[in-house]
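# Summary of the model geometry
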Amino acid sequence: MKSIKWQTYLFTGALFVIVAVLVGFAVTSALKERRFVKEYKIRNELTFHLNLAARSQAIERGFGAAIIGAGASEGSSLHKAFEKAAGKGDEHVHKFIDIAEKLEIMENEQMLGEYLDRWRRGYEKLKKLRDEVLQNNIAKEEWIKAAVDNINNEFDLRDYTFVPGHSEESNETEIIYLRTILRTNVATLAEYAGLERDIIANAIAKGENFSPDTLSKLESYRSIVDHSIKKILFLKKHEFATDKIKKEIIHFEKEFLGIYQEVRKDIYGSNERQRESIKKATLQIQDIKKTFKDYLTGIRADFVSVTQLKSVAEFTKAMVAGGQAGIVKNISKVADEFSTLARIRRSFDQIRLLDISGQERVRVNYKHNNAEIVSEKRLQDKSDRYYFTGAISLKKGELYVSSIDLNKEDGKIEVPHKTVMRYALPIYAGGKIGSVVVVNLLTNKAFLQFYPDENDRKPYEYMLIDQNGFYIHHPDESKEWGMMAELKVSGGNIESDYQYDLARILSGKDEDVQFSHKNSIVYAPFFFNPTKKDKFWVI
């Protein structure tokens, strides 16, 4: 009996110990699981806010680049959108910081602190540059780099929050880590690769090239996509990656990345070539503008010297005074001096002196290396010609300069065609207009051809249009001189070849070289009369 009773006590005591151990293990496991769930919840909240912060900052980056590119003024819609995106990003950053303080006391504290410090430095830099963006006091490249670096730092920090530690539950955290890194980076890759695809597909569908702003946006997306790809491929060699995960990543790399990266390479390569073409065309336009400017500045000075001849002044005084004898006396002197100047200034096709009714009083033609004084009976009435009506209405000292067109004689276009510009100046005497001096500047093919250098005899291929869109010079000569109604030129205006941005191209407002991505043309206005901004050509 005693033996049985003792055995009963012994069994009961052993059972109690076992139950106590099991309870203790269960409690410990529950506490660990509770701690693990709590930590995972914190990590998940961190990832959530970092993702939303990065998303808002990506939008902020785009608006910032647009502000810099457009030179938007304070209070504009771009400024408001920029500040709104920045505020939303900051909101999630502040929530992230509050939560991160709870996680820093857990495992991997030192490494997490290093990632946090690197991210904080980038974020503080981003905040400082915001004012520079709003004041247009920063280069677009510097802003985009700072914004992209900050987003990449956020993605690195996001990924590190799920790095497994070395606790007993390490196997569980390894699985969470791998799933989280794959999930977040594949999601990021899919989102931004999708944004790339939409922009590219839209441009291809419309047959358009990428604008500078679109290229800037694509480059931002590209940096995020490349960062995510790098993270995904890193897992292929990671110690925690299973053979199955490695196999899937290799398949992803082959089936998706291979084709995707090749297509991207072709597209971005094409746009790099476009950039080089735009740069080359820009340099050519700048060269053409400078050559025009230098040449026409000299012509202007030569023309002014014609108007300052003493004989012209004397003739004008006689015209105002109404003295016939003085008029007759000075006409021959004017003719002789015009003849001498024509032989010296061989680019002056005609030099004329008109009275205030528009009748030619003196005319000298220069052709075949000879200056011809036109007889009185061959002199013409030019009262209805635009260069006379334009000049006669000018104030003293103002100069009239016409665009280029084809010369007319007796109301008909001269054959063979002769391309000319007209310089005209009203001559005053006693406060009244007494005459108008007109010079026809010969602007033949040589005037309109430009070469890279003296050793390269292949001229630039370009178009020159007047402010109404008519072609003055074109690689296809059949399109030229559409402004001459008598010729009935087909396709002689830019609107027959290009459909977009015509109002802007023909506005004369963009003095710098511009690129119309919809038309795939580089252009810039040239003001052939510097004192008149309403008269210009477009190169």
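Residues numbered from 1 in each chain as written. Predicted model: local features only at pLDDT ≥ 70, side-chain atom pairs only at ≥ 80, totals over all residues. Heavy atoms only, no water.

### Re the overall build of the protein chain
Worth spelling out the cut-off: The secondary structure listing takes helices from DSSP runs of H or I that are at least 4 residues long and strands from runs of E that are at least 2 residues long, numbered from the N terminus. For each residue, the accessible area found with a 1.4 Å probe, counting protein chains only, is set against the maximum for its type, and the residue is called buried under 20%, exposed over 50%, and partly exposed in between. Contacts were defined at the residue level, with two residues in contact if any of their heavy atoms lie within 4.5 Å. Shrake-Rupley sampling with a 1.4 Å probe provides the accessible areas, and residues are treated as covered by the protein chains on show and by no other component.
A tally of helices and strands in the protein chain yields 12 helices and 15 strands. In the protein chain, which comprises 539 residues, the proportion classed as buried is 45%. Contacts spanning at least 24 positions in sequence make up 60% of the contacts within the protein chain whose residues lie at least 6 apart. As presented, the protein chain carries roughly 29600 Å² of accessible surface, and 54% of it is formed by carbon and sulfur atoms.

### Quick notes on the environment of Phe526
Summarising the element assignment, Phe526 is placed in strand β14 (residues 525-526). The class for Phe526 is buried, based on a relative accessible area of 7%. Separated by 240 residues in the primary sequence, Phe526 and Gln286 have C-alpha atoms spaced 10.0 Å apart. When near neighbours in sequence (up to four residues on either side) are disregarded, Phe526 contacts Lys289, Phe292, Lys293, Leu296, Phe536, Trp537 and Ile539.

### Details of the pattern of salt bridges
Opposite charge on two side chains permits them to pair, given that their charged atoms come into close proximity. The criterion, for reference: By definition here, a salt bridge exists when the distance from a side-chain nitrogen of Lys or Arg to a carboxyl oxygen of Asp or Glu is within 4 Å.
Taken as a whole and judged by the stated rule, the model has 21 salt bridges. A salt bridge links Arg361 to Asp355; the shortest N-O distance between them is 3.0 Å. Looking at Arg361, the relative accessible area reads 26%, which means it is partly exposed. Residue class for Asp355 comes out buried when judged on its relative accessible area of 6%. Lys408 serves as the salt-bridge partner of Glu486, at 2.6 Å between the closest nitrogen and oxygen. Residue Glu486 is located in the loop between β11 (471-473) and α12 (502-505), and its partner Lys408 is located in strand β6 (residues 408-409); the two are separated by 78 residues in the primary sequence. Residues joined in a network through salt bridges with shared partners are Arg352, Glu360, Arg363 and Glu409.

### Comments concerning unusual backbone geometry
Cis rather than trans, the peptide bond between Val415 and Pro416 has omega equal to -5°. Within the fold, Pro416 resides in the loop between β7 (412-413) and β8 (419-429). Phi at His368 is positive, roughly 55°, even though this residue is not glycine. Topologically, His368 is positioned in the loop between β2 (360-367) and β3 (370-373).

### Details of the packing of helix α8 (residues 310-321) against helix α9 (residues 324-344)
Keep this limit in mind: Fitting a line to C-alpha atoms yields each axis, with helices limited to the stretch in contact; the angle taken between N-to-C directions then spans 0 to 180 degrees. Angle categories are assigned with fixed cut-offs, so that under 35 degrees is roughly parallel, over 145 is roughly antiparallel, 65 to 115 is roughly perpendicular, and the rest are oblique. Left-handed describes a crossing in which the near helix is turned anticlockwise from the far one by less than a right angle; the clockwise case is right-handed.
The contact between α8 and α9 brings their axes to 8 Å, and the two run at 155°. It follows from the interaxial angle that α8 and α9 lie roughly antiparallel. Note that α8 runs across α9; the crossing there is left-handed. For the pair α8 and α9, contact is made by Ser311, Val312, Glu314, Phe315, Ala318 and Met319 and by Gly326, Ile327, Asn330, Ile331, Lys333, Val334, Glu337 and Phe338, respectively.

### A look at the confidence of the model for the protein chain
Spelled out, the test is: Each residue gets a pLDDT score, which is the predictor's confidence in that residue and runs from 0 to 100.
Of all residues in the protein chain, 73% attain a pLDDT of 70 or more, and the chain-wide mean is 78. Across residues 164-173 the pLDDT falls below 50, and counting only partners more than four positions away or on other chains, this stretch makes 18 contacts in the model.

### Points about the nonpolar core
Quick note on the threshold: Buried Ala, Val, Leu, Ile, Met, Phe, Trp, Tyr and Cys residues form a nonpolar core when they are joined through side-chain atoms within 4.5 Å.
By size, the foremost hydrophobic cluster in this structure holds 54 residues, and its most contacted members are Phe292, Leu296, Phe338, Met421, Tyr423, Tyr462 and Trp537. Within the residue set of this core, elements represented by two or more residues are α7 (243-307), α8, α9, β1 (348-354), β2, β8, β9 (432-442) and α11 (445-448). With eight residues, the single largest contributor to this core is α7. Ignoring anything within four residues of it in the chain, the contact list for Tyr423 reads Leu296, Ile299, Arg300, Phe303, Leu399, Tyr400, Val401, Val437, Val438, Val439 and Leu441. Formed by 25 residues, the second largest nonpolar core is a distinct cluster that contains Leu50, Ala53, Phe82 and Ile138.

### Describing the sheet that holds β14
For clarity, the cut-off: Note: two strands are recorded as paired if DSSP finds a minimum of 2 bridges between them.
Strand order in the open sheet made by the four strands is β11-β10-β15-β14, with antiparallel pairing throughout. Strand pairing shows two members of the sheet lacking a second neighbour, β11 and β14, which therefore form its edges. As judged from the two bridges shared by β14 and strand β15 (residues 537-538), these two strands associate in the antiparallel manner. Its bridge partner being in β15, Pro525 is matched across the sheet by Val538.

### Side note on α8
At 3.6 residues per turn, the α-helix brings residues three or four places apart onto the same side. Threshold: A helix's residues, less one, multiplied by 1.5 Å, set its expected span. As used here, the arc belongs to the directions running from the helix axis to the C-beta atoms.
For α8, which comprises 12 residues, the first-to-last C-alpha distance of 17 Å matches the rise-based estimate of 16 Å (1.5 Å per residue) to within 8%. Within the span of α8, buried status applies to Ser311, Val312, Phe315, Thr316, Ala318 and Met319. Taken down its axis, α8 places every buried residue within 160° of arc, on the same side. Facing away from the buried surface of α8 by more than 90 degrees, the exposed residues are Lys310 and Ala321.

### A look at the environment of Gly62
Among the structural elements, Gly62 can be located in helix α1 (residues 2-70). With relative accessibility at 35%, the residue Gly62 sits in the partly exposed group.

### Thoughts on the pairing of β3
Bridging between β2 and β3 involves four bridges; their strand directions are antiparallel. Within β3, the residue paired with Tyr366 across the bridge is Ala371. Connecting β2 to the next strand, β3, in antiparallel fashion are two residues, including His368 with a positive phi near 55°.

### A short note on the packing of aromatic side chains
For any pair of aromatic rings, the description consists of the separation of the ring centres together with the inter-plane angle of the planes. As a reminder of what qualifies: Two rings belonging to Phe, Tyr or Trp (six-membered ring only in the last case) form a pair when the distance between their centres is within 6.5 Å. Interplanar angles under 30 degrees mark stacking, angles over 60 mark edge-to-face geometry, and anything in between is tilted.
Tallied over the full model, the rule gives 14 aromatic pairs. Their ring planes at 45° and their centres at 5.3 Å tell us that Phe292 and Phe447 sit as a pair that is tilted. Pair noted here: Phe292 is in helix α7 and Phe447 is in helix α11, with a separation of 155 residues, a long-range link. Aromatic rings pair up to connect Phe292, Tyr295, Phe447, Phe450, Tyr462, Phe526, Phe528 and Trp537 into one cluster.

### A few points about the side chain of Thr307
What counts, and what does not: Polar contact is the term for a pair of N or O atoms within 3.5 Å; when the atoms are in protein, one must be able to donate a hydrogen and the other to accept it, and sequence-neighboring residues count only if both atoms are side-chain atoms.
Its place among the elements puts Thr307 in helix α7. Only 2.6 Å separates the side chain of Thr307 from the backbone oxygen of Val304, close enough to count as a polar contact. In contact with Thr307, not counting residues within four places along its chain, are Val312, Leu425, Ile427 and Val437.

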